[in-house]
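# Inside the fold
Spelled out from the first residue to the last, the chains are:
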Amino acid sequence: MISGVIVLGLFLTAIAAMILVTQQYDLYQSTVNTMQQKDSDKFSENLVANGIACVGTCRVLGSGSLNTYRLNITNYGIGTQIARIYLTITDPLYKTLACYLSPCLFNPGNPPGTAFTFQQSDRYVNPGELYHGVVIWLPGPIPLSGDKGANTFLIATSRGRAFSFQWPFPQTGPSFPGAGTGGTGLNIGPLVIMYEPVLITFDSVDTPTPTVPMTNGWVFPTSLKGAGNYMFFFVKIQSQGHNPVTITKESLLQVQQYGASGDPTPFWLVAPMDSTFCTDNFSSNPYNSKLLCTTLTNSTGQVGNGGYTGGNTHPTSNAVTRYQTTLHPYIIPPSSKEGVCCGQPVYLVFGGSNEGDSAAQTLKATGQVQVFYSYLNIIYQYNDGSGTYTYGVNFPFIVFALG
Amino acid sequence: MLKRKSKRKLAVSTVIANLLMIMITLSLAAILVAWAGTTYGAFSGGAQLFFVQRGQAMQERFVIEFVNTTRTAKSLDVFVRNVGVEQINIVAIYVNGTSITQFLSTGSQCSIPSGGGQLLPVGQVCDFYFTWSHGWNSGDIINIVVSSSRGNQAAYTLRGN
């Protein structure tokens, strides 16, 4: 009887100890698991900036006014909430401005449209969302401009992550000797293909007379959408081969639009433009002096303009005349020394006024910013000494927005 | 015929014996429970305190979100954000191992009073602004550590260009 009592007592003691001790441990372990999940969520965030576009007109304005920008972000991670945006300007040209070397803080705006805020409803970025727009407001005296990399943005999330980028995006590398500006370029066979952001431009009249190239972001102004309005892309091409390169009429710039969820919509086929571009319509363009409009002869004896020749190859509906390689081919001059960059640059102009395939191409005007991905398809003929062959390359090119 | 007198040999009756055993058992049980409660209560109280404190420390999360350096003024702006689920008390900021005691904070900026701390609610940001006279040459390293009263730390490292 006594021993039974003792054994019973031991059991009761063990149970009491287990309950009392493990209760707190279980609670602690639950907290550990919760915080580990929070840490996992934190490091699952991944925001990538796609660029900044001006909404409307952006320039130095008086105090009391606002410059409005749209910051485009793609979320490659889980749903994220933007807590704050920091902006630091490092261009000495703007050393008198408030954000020069000392960060300006952008908190969620309340009310919207207040300087140094961003739109409160834009702070939530869904997982996998493409080109999520965050509207930010800067005071009038502070425009976002300057040299590449002059503005440093840091996006701070509510979970404690920070994503930074420079705007305008710095070039990928210095230009190598003999080449023009625009980075190191993409070397494909004898060609060196480069792109300069200022060479996107637009026009509001039927005849192609380019206006000042866009310098703030990539947004084609809403007011210029519609029939008869053109958008032009200039692709700078040089050659490091020892023979001229001739661009064929099959070359094109394909433009594909995607919705926010990644669904594709109708695309453009943008083809090389008419020769009048070269000789008649760039007198007021700051890049006129770089255009090669002289006559050149390629290896087969063809005579053509080194700049803009020919017109649109799209079979139907585009108002621009067809690019004709037999009459005025694009000829890329050779390098003075084989294998060394580069020969005289040629600006291959792609222009389009409309979207679509066989139907008339029109720029969308839905009132919302739309994002377009472009793919450059260059078909060219080159004689490397063993005969003239036709080559082709197709690669992702640039992304731009209409808004 | 003689009447045999039966002599009772039991000290107590069976019923009383059972009652006594039950009472003894219950008394022993009560003593055991009281003893166990006292002994393990003290132990579990300590364990409880330990796990509660560790749990609160685990729920603290804060980051140094941004650091702005001003070379001409030799000053640092340290932005600290509370991304946890508990209010934190920032009690110290160290730069290259040196505790910062003087702050230039004005207006909405934060500071750490002597002997005290700066409370930072969940989701809020504090801007600590102070001077730092060293490490402004190219290649110099500035290591910033922010400490809370629960023993957690956030670190940030800069290198001069």
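This text gives an overview of the structure that appears in the document. (Residues numbered from 1 in each chain as written. Chains lettered and ligands numbered in written order. Predicted model: local features only at pLDDT ≥ 70, side-chain atom pairs only at ≥ 80, totals over all residues. Heavy atoms only, no water.)

Here we take up the overall build of chain B. In terms of regular secondary structure, chain B is built from one helix and eight strands. Going residue by residue from the N terminus, the α and β elements of chain B occur as α-β-β-β-β-β-β-β-β. The buried share of chain B, reckoned over its 161 residues, is 32%. (Helix = DSSP H or I, 4+ residues; strand = E, 2+ residues; numbered from the N terminus. Buried < 20%, exposed > 50% of the residue type's maximum accessible area, 1.4 Å probe, protein only.)

For chain A, the count of helices and strands is two helices and 23 strands. Counting over 403 residues, chain A shows a buried share of 50%. When contacts within chain A are restricted to residue pairs at least 6 apart in sequence, long-range pairs at least 24 apart make up 65% of them. Of the roughly 17,600 Å² that chain A leaves accessible, carbon and sulfur atoms contribute 57%. (Contact = heavy atoms within 4.5 Å. Areas by Shrake-Rupley, 256 points an atom, 1.4 Å probe, with all protein chains shown as cover.)

Right, let's get into the interface of chain A and chain B. Facing the 33 residues of chain A at the interface are 26 residues of chain B. Here chain A and chain B share an interface that buries about 2,500 Å² over both sides, 74% of which is from carbon and sulfur atoms. Broken down residue by residue, the surface that chain A buries against chain B is led by Gln24(A), Tyr28(A) and Met35(A), which jointly contribute 22%. At the surface where chain A touches chain B, the tally comes to one salt bridge. Note that Arg61(B) and Asp39(A) form a salt bridge whose closest N and O atoms lie 2.7 Å from each other. The tally of links between chain A and chain B comes to two residue pairs in polar contact (both at pLDDT 80 or more). Among the secondary structure elements, those contributing two or more residues to the side of chain A that touches chain B are helix H1 (2–42), strand S3 (80–89) and strand S8 (151–157) of chain A. Among the elements that take part in the side of chain A that touches chain B, H1(A) stands out by supplying 17 residues, more than any other. (Buried area = accessible area lost by both parts, 1.4 Å probe. Salt bridge = Lys/Arg side-chain N within 4 Å of Asp/Glu carboxyl O. Polar contact = N/O pair within 3.5 Å; in protein donor to acceptor, adjacent residues only side chain to side chain.)

This part is about the nonpolar core. Membership of the largest hydrophobic core comes to 28 residues, with the highest contact counts inside it found for Ile85(A), Ile136(A) and Phe153(A). Ignoring sequence-local partners within four residues, the contact set of Phe153(A) consists of Ile52(A), Ile85(A), Tyr86(A), Leu87(A), Ile136(A), Leu144(A), Phe163(A), Ser164(A), Phe165(A) and Trp167(A). Grouped together as the second largest cluster of nonpolar side chains are 25 residues, Val80(B), Phe103(B), Cys110(B) and Trp132(B) included. (Core = buried A, V, L, I, M, F, W, Y, C linked by side-chain atoms within 4.5 Å.)

Another point: the pairing of strand S1 (residues 62–70) of chain B. Residue and element names in this part refer to chain B. Extensive coverage of S1 is indicated by the burial of seven of its nine residues. Examined bridge by bridge, S1 and strand S2 (residues 75–82) share eight bridges and lie antiparallel to one another. Its bridge partner being in S2, Thr70 is matched across the sheet by Ser75. Where S1 hands over to S2, the hairpin turn is made up of four residues, of which Lys74 adopts a positive phi near 50°. (Pairing = 2+ DSSP bridges.)

The subject of this paragraph is the side chain of Asp77(B). You can see Asp77(B) is positioned in strand S2. If sequence neighbours within four positions are ignored, Asp77(B) has contacts with Phe66(B), Val67(B), Asn68(B), Gln109(B), Asp127(B), Phe128(B) and Tyr129(B).

Moving on: the environment of Ser133(B). Within the fold, Ser133(B) resides in the loop between strand S6 (125–131) and strand S7 (141–148). Counting along the chain gives 59 residues from Ser133(B) to Lys74(B), while the straight-line C-alpha distance between them is 5.6 Å.

Moving on: the packing of aromatic side chains. Under the definition given, this model contains eight aromatic pairs over all chains. Note on Tyr86(A) and Phe79(B): the rings are 5.2 Å apart at their centroids and 70° apart in plane angle, and the pair reads as edge-to-face. Of this pair, Tyr86(A) sits in strand S3 while Phe79(B) sits in strand S2, which puts the two residues in different chains. Both residues of the pair, Tyr86(A) and Phe79(B), belong to the buried class. Centre to centre, the rings of Tyr380(A) and Tyr391(A) are 5.4 Å apart; their planes meet at 20°, and the pair counts as stacked. A residue pair is termed long-range when its members are at least 10 positions apart, and Tyr380(A) in strand S22 (residues 370–383) and Tyr391(A) in strand S23 (residues 388–402) qualify at 11 residues. For Tyr380(A), a relative accessible area of 2% translates into the label buried. (Phe/Tyr/Trp six-rings, centres within 6.5 Å; stacked < 30°, edge-to-face > 60°.)

Residues and elements named next belong to chain A. Counted under the stated rule, the structure contains five salt bridges over all chains. With its nearest N and O atoms 2.9 Å apart, the salt bridge here joins Glu45 to Arg159. Pair noted here: Glu45 is in the loop between H1 and strand S1 (47–54) and Arg159 is in the loop between S8 and strand S9 (162–167), with a separation of 114 residues, a long-range link. Look at Glu45 and you get buried, because its relative accessible area is 2%.

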